[in-house]
Structures are given as structure tokens and as C-alpha cells.
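Examining the three-dimensional arrangement
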Amino acid sequence: MYKIPANTLFMGKNLVFVPECPSTNTHALQISQQSPVNEGTLVITDHQTAGKGQRGNIWEAEPGRNLTFSLILKPRFLAVNKQFFLNIAVCLALKDYLKEKTSDNIYIKWPNDILVHGKKISGVLIENQLRGATITQAIVGVGLNINQKEFQTASATSLSLVTGEQYSLNEELSLLISCVESRYLQLRGGQYELLMNEYLGGLFRRHEKHSFSSNGLLFEGVIEDLDEAGRLRILVGDEVRAFGVKEVVYLG
Ligand code: BTN
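Residues numbered from 1 in each chain as written. Predicted model: local features only at pLDDT ≥ 70, side-chain atom pairs only at ≥ 80, totals over all residues. Heavy atoms only, no water.

Digging into the state of the cysteines
Applying the stated rule across the entire model yields zero disulfides. Looking at Cys-91, it has no disulfide partner, and the nearest cysteine sulfur is the one in Cys-179, 13 Å off. The class of Cys-91 is buried, set by a relative accessible area of 0%. (Disulfide = S-S within 2.5 Å. Buried < 20%, exposed > 50% of the residue type's maximum accessible area, 1.4 Å probe, protein only.)

In C-alpha cells, the structure reads:
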């Protein structure tokens, strides 16, 4: 069981714990469709059986060892063409949280993977509901590896593997949710430039030559920055090209 975070204004104040569910994002959406829910409602499980990742991937997490949750937000203030800024705010919140736990080497791999020492510790999946030009609701799904020690892929890690310590999921949840609230309030306050600059400051492999693939074509380029829509701008030869989330893959 999880406690309602004490140090937030509204984030996580309505906490829905489900011992097991296929996906907290799906569960959160179902709850919001059944009856009105407060902004900041937190849906959390100890065992996600069909966790959804980016690009149709599966998010795997050992039961009871990690944080897998979704927040229901209502960012009606956010223009649809700026929706990537919610992503930015959540990634920065995860980075803020991790900075409290471990000294350095925390990066954001565009669009929303959080890496520590080059390995993925956390992922974010945001599913927006739009009505016209308004974002009526956003389901913000977060998977954060905390106490898990073994992973199927060598490119994954956990807080426990990084620091050698064991954590209380409950305490980590409270700290993380307060970080999310702080960044969300910056977003609500219209601090787009600050959020973008901090995101770019933490961007993995920025300004380095790197291999990519797009539409089956391999190429080398240098990550420059993002455009307002959150597309990755890559310098390819002497031309800067912008790629959406599904249009480019890092190849290492
Ligand atoms: C990714 O990196 O591919 C995104 C992973 C997001 C996983 C979280 S776990 C809680 C929430 N519910 C889901 O089904 N997915 C997100």
C-alpha cells in the first residue's frame, strides 16, 4: 500500500492503489471515463502485467520492486502544439528526483528515457485526450526502476543497482510526486523557456556525432536541439533536419 504524499498541493492526493492490473495508463483512463476525477489523481500498482512502453513496446517491471504509476492531469492551459512540454516537465521531474539520490550522470534520452550512467532507469508514456485544440486530459505513465536487480536487457538499470541501497517504494513515490508537481506548476506558470533550456541541458549525446536511422536509412548527425513541437533537430551534413518521435531511432 502507498501513502498519499504529504508534501504536495494536489498531485497524488487522490490515490488509487490496485494490487495488479494490465497497465496503470489503461486503468487510469477507465477510471476517468467512469466518473469525474480530480486533477492529480494517482493510479499505482505493484504488479503491471501488460505495461505499455513507447512505440508499442512492453514495459517490464518485477512485481513489488519498482514504481509503476499514472497521473491524471488536465492541462487545458497547454496549447496542443506545445504538448511536448508536458513530456519535458515530467522528464525534468524524474531528473530532479534522481539528482537527490545519486550525484551525477543523469541524462534524458530524447524523447523521454531517463538514463543513469548510460542505462535506462525510467520511461514515460503520456497519452493525451484532445477536444479541438484543447488537451482535456493527459494520462502520464511513469515506470521507474527502484529495487530490481536483474533485467532482461543489459541497457536497463535501477536505483538500487546504481547506489547499492534498498529503498522504500512509498517514500520514493512521495518524493517523486512532489518533483512532478513542482515541474507541472512551472509548466502551468508558462515557464516554457526555462523548461526547454533545462531539458536541452540534460539531453543525452547533444552536440556529439551519432548514428541514426529514419525510414530504414542510416545516417550520421549531431543533435542540435528541439523545435517547439518537441521534434529532434539533427545536423546532417550542413542541413538541420527535424524528426518526430516515430521518425528517427538512435543507433548508439
Ligand atoms: C517507455 O520508456 O517506453 C515508456 C514506459 C512507460 C511505462 C509506464 S509504467 C506505468 C505506466 N503504465 C503503462 O502501461 N506504461 C507506463
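Now, onward.
Observations regarding unusual backbone geometry
Cis geometry marks the peptide bond from Trp-110 to Pro-111; its omega dihedral reads 5°. Within the secondary structure layout, Pro-111 lies in the loop between β6 (106–109) and β7 (113–116). Look at Arg-205: it is not a glycine, yet its phi comes out positive at around 60°. Mapped onto the elements, Arg-205 comes out in the loop between α5 (192–201) and β10 (209–214). According to the relative accessible area criterion, Arg-205 is partly exposed, its value standing at 29%. (Helix = DSSP H or I, 4+ residues; strand = E, 2+ residues; numbered from the N terminus.)

Quick look at the side chain of Asn-25
Take Asn-25: it is sitting in helix α1 (residues 24–34). Ignoring sequence-local partners within four residues, the contact set of Asn-25 consists of Lys-52, Ser-70, Leu-125, Glu-127, Ile-139, Val-140 and Gly-141. (Contact = heavy atoms within 4.5 Å.)

A short note on the site of the ligand
Within the structure, the ligand sits among 20 residues, and Ser-23, Gln-48, Lys-52, Gln-54 and Lys-120 are positioned closest to it. At 3.1 Å, a side-chain N or O of Thr-24 approaches a nitrogen atom of the ligand. For the ligand, whose unbound accessible area comes to 420 Å², protein coverage reaches 98%. When contributions to the shell around the ligand are tallied by element, the ones reaching two or more residues are α1, β3 (51–52), β5 (67–73), β8 (119–131) and β9 (134–144). For the shell around the ligand, the leading source of residues is β8, giving four residues. (Near = heavy atom within 4 Å. Polar contact = N/O pair within 3.5 Å; in protein donor to acceptor, adjacent residues only side chain to side chain. Areas by Shrake-Rupley, 256 points an atom, 1.4 Å probe, with all protein chains shown as cover.)

Details of the sheet that holds strand β2 (residues 41–48)
The strand order β1-β2-β5-β9-β8-β7-β6 describes an open sheet built from seven strands, whose pairing is mixed. In this open sheet, the two strands that pair with only one neighbour each are β1 (15–21) and β6. In this sheet, adjacent strand axes meet at a mean angle of 20° when their direction is disregarded. Of the strand pairs in this sheet, β7 and β8 are connected by four bridges, and their pairing is antiparallel. Bridging across to β8, Ile-114 finds its partner in Ser-122. Helix-sheet contacts for helix α4 (residues 169–188) involve β1, β2, β5 and β9, and the interaxial angle to β5 is about 35°. (Pairing = 2+ DSSP bridges. Axes fitted to C-alpha atoms, helices over the stretch in contact; angles between N-to-C directions.)

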